[in-house]
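Observations on the model geometry
Single-letter residue listing:
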Amino acid sequence: MRPSINEFDYHRITLLADDTPEGKGLFLGRIIPQDKIKMKQIVKWMQYCIRWHGAGCEETLSSLSSGRISKLRVIDTWRLCIVDESSECIYLTLSYVWGSATVFKLTSTNLDELATPGALKKVWRQLPRTIQDSITLTSTLHERYLWIDSLCIIQDSDADKAHYIPYMDSIYDRAFLTIAAATGDSADAGLPGVRKGSRGCSQIIEEVLPSVRLSSIRHLRDALDESVYESRAWT
Ligand SMILES: [Zn+2]
């Protein structure tokens, strides 16, 4: 395919990591499977993080664990319910745009019900697509707990909000990983590539020498600058 000049404005041309020995090569390009995210690749990156990043990625704010919040309400993505876990547990967070989506919320009325194993399966169709995909993604990555504001803070309780909202930054900061849902303009947009066939991006790949291919990578900054996600007050 012959790309247009405009397409290169926001791209960086790079070698494909797939053509390097053992497919290694951080910061090189990769063939993007069109159908679905390559989960193994994300797991690998998570392992790199634990192994190599050290203090840079470890817990920096300890206000959650230093006593003020000893328990954190999280989604148990294996048992599909809301649970109270130690605030020291390993969890992921979701950062997303609510937008115009009708977001199913945790309330004082459904709290007991949602704490029953399998409860989220029962209300699955009422959950916005981005939240469904994040729950699927978390368990597919072999992680168990996920924190999402709408399901982990009782949305009609001033007391619960007063308890957790001052710690929002530390909740995100302490998370092992934050899923940033940067596409679309609402919680119904989903996470591209979690479901089969939901990705659909085009990638230009050219073989310049036998077995040496070049591809173009779009800068994350440029993609984010165009997103609704980035235009919110905070992320
Ligand atoms: Zn890291």
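Residues numbered from 1 in each chain as written. Predicted model: local features only at pLDDT ≥ 70, side-chain atom pairs only at ≥ 80, totals over all residues. Heavy atoms only, no water.

If you look the protein up in an unreviewed UniProt entry, it shows as HET-domain-containing protein from Mytilinidion resinicola.

**Quick look at the overall build of the protein**
When you go through the protein residue by residue, the secondary structure sums to 10 helices and eight strands. A buried classification covers 38% of the 235 residues belonging to the protein. Contacts spanning at least 24 positions in sequence make up 71% of the contacts within the protein whose residues lie at least 6 apart. Accessible surface, the protein as shown: approximately 13,600 Å² in total, 54% of it carbon and sulfur. (Helix = DSSP H or I, 4+ residues; strand = E, 2+ residues; numbered from the N terminus. Buried < 20%, exposed > 50% of the residue type's maximum accessible area, 1.4 Å probe, protein only. Contact = heavy atoms within 4.5 Å. Areas by Shrake-Rupley, 256 points an atom, 1.4 Å probe, with all protein chains shown as cover.)

**Overview of the environment of S186**
The residue S186 is located in the loop between β6 (177–180) and β7 (205–209) in this model. Filtering out sequence-adjacent residues up to four positions away, S186 remains in contact with V97, W98, G99, S100, A101 and T130.

**Looking at the nonpolar core**
For soluble globular proteins, the rule of thumb is that nonpolar side chains tend to be buried together. Grouped together as the largest cluster of nonpolar side chains are 50 residues, with contacts concentrated most on I75, Y91, L120, I131 and W147. The biggest single contributor to this core is helix α2 (residues 39–53), with four residues. Not counting residues up to four positions away in its chain, the partners in contact with W147 are L72, R73, V74, Y91, L92, T93, L94, C152, I153, M168, I171 and Y172. (Core = buried A, V, L, I, M, F, W, Y, C linked by side-chain atoms within 4.5 Å.)

**With respect to the pattern of salt bridges**
Pairing between side chains of opposite charge can happen when their charged atoms approach one another. Counted according to the given criterion, the structure contains five salt bridges. Between D19 and R213 there is a salt bridge, with its nearest N and O atoms 2.6 Å apart. A residue pair is termed long-range when its members are at least 10 positions apart, and D19 in the loop between β1 (11–15) and α2 and R213 in strand β8 (residues 212–218) qualify at 194 residues. Here R213 falls in the partly exposed class, since its relative accessible area comes to 24%. Residue R195 pairs with D133 through a salt bridge whose shortest N-O separation is 2.7 Å. Residue R195 is located in the loop between β6 and β7, and its partner D133 is located in helix α6 (residues 129–140); the two are separated by 62 residues in the primary sequence. With a relative accessible area of 28%, R195 lands in the partly exposed category. Residue classification places D133 among the buried residues on the basis of a relative accessible area of 3%. Where salt bridges share partners, they join D76, R79 and R144 into one cluster. (Salt bridge = Lys/Arg side-chain N within 4 Å of Asp/Glu carboxyl O.)

**Points about the sheet that holds strand β4 (residues 91–95)**
Across the sheet, which stays open at both edges, the five strands sit in the order β3-β2-β5-β4-β6 with mixed pairing between neighbours. Looking at the sheet topology across the chains shown, the edges are occupied by β3 (81–86) and β6. Ignoring which end each strand starts from, the neighbouring axes of this sheet average 40° apart. Relative to strand β5 (residues 145–147), β4 runs parallel, the two sharing three bridges. Bridged to Y91 within β5 is Y145. (Pairing = 2+ DSSP bridges. Axes fitted to C-alpha atoms, helices over the stretch in contact; angles between N-to-C directions.)

**What to know about the sheet that holds β1**
If you walk across this open sheet you meet the three strands as β1-β8-β7, and the pairing is antiparallel. The open sheet terminates on both sides in strands that have one partner only, identified here as β1 and β7. Across the sheet, the axes of successive neighbouring strands diverge by a mean angle of 30°, strand direction being ignored. Pairing of β7 with β8 involves four bridges; the strand directions are antiparallel. When the sheet's bridge partners are listed, I205 is paired in β8 with S215.

**Quick notes on unusual backbone geometry**
Of note, the phi angle at L80 is positive, near 55°, even though the residue is not glycine. Along the chain, the position of L80 falls in the loop between β2 (71–76) and β3. A positive phi angle is found at S211, which is not glycine, with a value near 65°. By secondary structure assignment, the location of S211 is in the loop between β7 and β8.

**Quick look at the environment of L146**
For L146, the location among the structural elements is in strand β5. Since its relative accessible area comes to 0%, L146 is described here as buried. Placed 32 residues apart in sequence, L146 and T178 show a C-alpha to C-alpha distance of 9.3 Å. If near-sequence neighbours (up to four positions away) are discounted, L146 is found in contact with V74, I75, T77, Y91, L92, T93, L94, S134, I135, T138, C152 and I179.

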